[in-house]
Amino acid sequence: MRLKIIFRKLILGKNYYKDKSSFSPLQKRIQNIRSIWNNDHQDDSGLEKVVRLFLSSSQLFFPGIYIKQIAYKINHIYLDVILDLYVLFKVFIPIIILKNQWQNNLVIDLIVIYLLLETVLYIPTLIFASDSLSRPRSYKRSMLLLFLNYLEVVLGFAVLYSIGNQMNKPFSHWFEAIYFSTVTSNSVGYGDYYPVTLFGKILVSLQSMFFLSFVVLFLNFFSNKIKSNGYFDHENDSL
């Protein structure tokens, strides 16, 4: 019994006592789309509104929202935990693919691209198209998930770089593809590996553009939201 209490305290925190939301994740997503359409929170129009509607609707085409929906139906207190496991699953899948050299399988490649698209579209959705969605329980948790999203995209691109012969020379080890993807995402470019095919050059261009917007927009957005409760919050207290 004590182990069960410790487990709940560690994994669930205060979520164990949290009341169940009146609306499921899927209902909230649909309400958000309607809110954008009806201009309930922002008086936008034209291209801006089209982009915001597209971003908000895009999540309906990926498994994340439905995994949250299933977790909500089964037991809402585990919703955050299930979402965390899904994000970790998306991080480790590319590593498993690279280690087992499955990247030349078309079906597997399509799955990697599909999961990458979910993350690539989810990030701008949070920033530009979350009008009626409630704020996260913890912005620090959101930043942690952001870092995992970063790893996921780096690893996903690594799988794509290792397909065929996109580089000036073959990768000598499965980790070399991750190394090249990490270097590319940070716009370093040591020159030991570089793309020689059109497909490889397109991948490098897309990854570089994505991470510039990813870091500048998303980190700037969340850095203004986080409130810390730590040592330096008490610097005016008497010693």
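Along each chain, the written sequence defines residue order, and numbers are assigned to residues from 1. Where local features are concerned, this predicted model is filtered to residues with pLDDT of at least 70; where side-chain atom pairs are given and counted, the filter is 80 or more; whole-chain, interface and lining totals use all residues. Side-chain descriptors were evaluated using all non-hydrogen atoms of the structure, hydrogens and water having been removed beforehand.

An unreviewed UniProt entry annotates the protein chain as Potassium channel family protein originating from Flavobacterium luminosum.

**Some remarks on the packing of aromatic side chains**
We apply this condition: Two aromatic rings, drawn from Phe, Tyr or Trp (for Trp, its six-membered ring), form a pair once their centres lie within 6.5 Å of each other, and the interplanar angle then sorts them: stacked below 30 degrees, edge-to-face above 60, tilted otherwise. Secondary structure counts use DSSP, requiring at least four H or I residues in a row for a helix and at least two E residues in a row for a strand, with both numbered from the N terminus. For every residue, the accessible area (1.4 Å probe, protein chains only) is compared with the maximum for its type, and the residue is labelled buried under 20%, exposed over 50%, or partly exposed between those bounds. Think of it as a cone above the ring: NZ of Lys or CZ of Arg counts as a charge over the ring if it is within 6 Å of the ring centre and within 35 degrees of the ring normal.
By the definition in use, this model includes six aromatic pairs. Consider the rings of Phe 62 and Tyr 114, whose centres lie 5.1 Å apart with planes at 35°: the pair is tilted. Of the two residues, Phe 62 sits in the loop between helix 3 (46–58) and helix 4 (63–74) while Tyr 114 sits in helix 6 (residues 106–128), which places them 52 residues apart along the sequence. Residue Phe 62 is classed as buried on the basis of its relative accessible area of 7%. Taking 6.1 Å as the distance between ring centres and 85° as the angle between the ring planes, the aromatic pair formed by Trp 174 and Phe 175 counts as edge-to-face. With relative accessibility at 28%, the residue Trp 174 sits in the partly exposed group. Every member of this aromatic cluster is reached through a ring pair, and the members are Phe 157, Tyr 161 and Phe 180. The residue whose ring lies beneath Lys 49 is Trp 37, and the NZ or CZ to ring-centre distance is 5.2 Å. In this structure, Lys 169 is placed above the aromatic ring of Tyr 193, and the distance from its NZ or CZ to the ring centre is 5.0 Å.

**Details of the side chain of Ser 56**
Keep this limit in mind: Residue contacts follow a heavy-atom distance rule, with two residues in contact if any of their heavy atoms lie within 4.5 Å.
Following the sequence through the fold, Ser 56 ends up in helix 3. Among residues more than four places away in sequence, those in contact with Ser 56 are Arg 29, Asn 32, Ile 33, Ile 36, Thr 125 and Ala 129.

**Observations concerning the environment of Gly 64**
Looking at the element boundaries, Gly 64 is found in helix 4. Relative accessible area serves as the criterion here: at 9%, Gly 64 is assigned to the buried category. The residues touching Gly 64, leaving out its near neighbours within four places in the chain, are Tyr 86 and Glu 118.

**Structural notes on empty space enclosed by the protein**
Over the atoms, a rolled probe matching the size of one water molecule traces out where space is still vacant. Test applied: The way it works is a 1 Å grid over only the protein atoms, where trapped points that fit a 1.4 Å probe form a cavity and open points with protein on both sides within 12 Å along at least five of seven lines form a pocket, and then any residue with an atom within 4 Å of a point lines it. Grid points are joined across faces, edges and corners, and a volume is the space filled by probe spheres set on the points. Under the convention adopted here, Pro, Cys and the residues Ala, Val, Leu, Ile, Met, Phe, Trp and Tyr are nonpolar, Asp, Glu, Lys and Arg are charged, and Gly plus all remaining residues are polar.
Taken as a whole, this structure holds one cavity of 30 Å³ or more when the rule is applied. Of the voids in this model, the largest cavity is the one considered here, and its volume is about 50 Å³. Around the largest cavity, the lining residues are Lys 90, Ile 93, Pro 94, Val 112, Leu 115, Leu 116, Glu 152 and Gly 156. For the lining of the largest cavity, the secondary structure elements donating two or more residues are helix 5 (79–99), helix 6 and helix 7 (139–161). Here the lining of the largest cavity is composed, by residue class, of five nonpolar, one polar and two charged.

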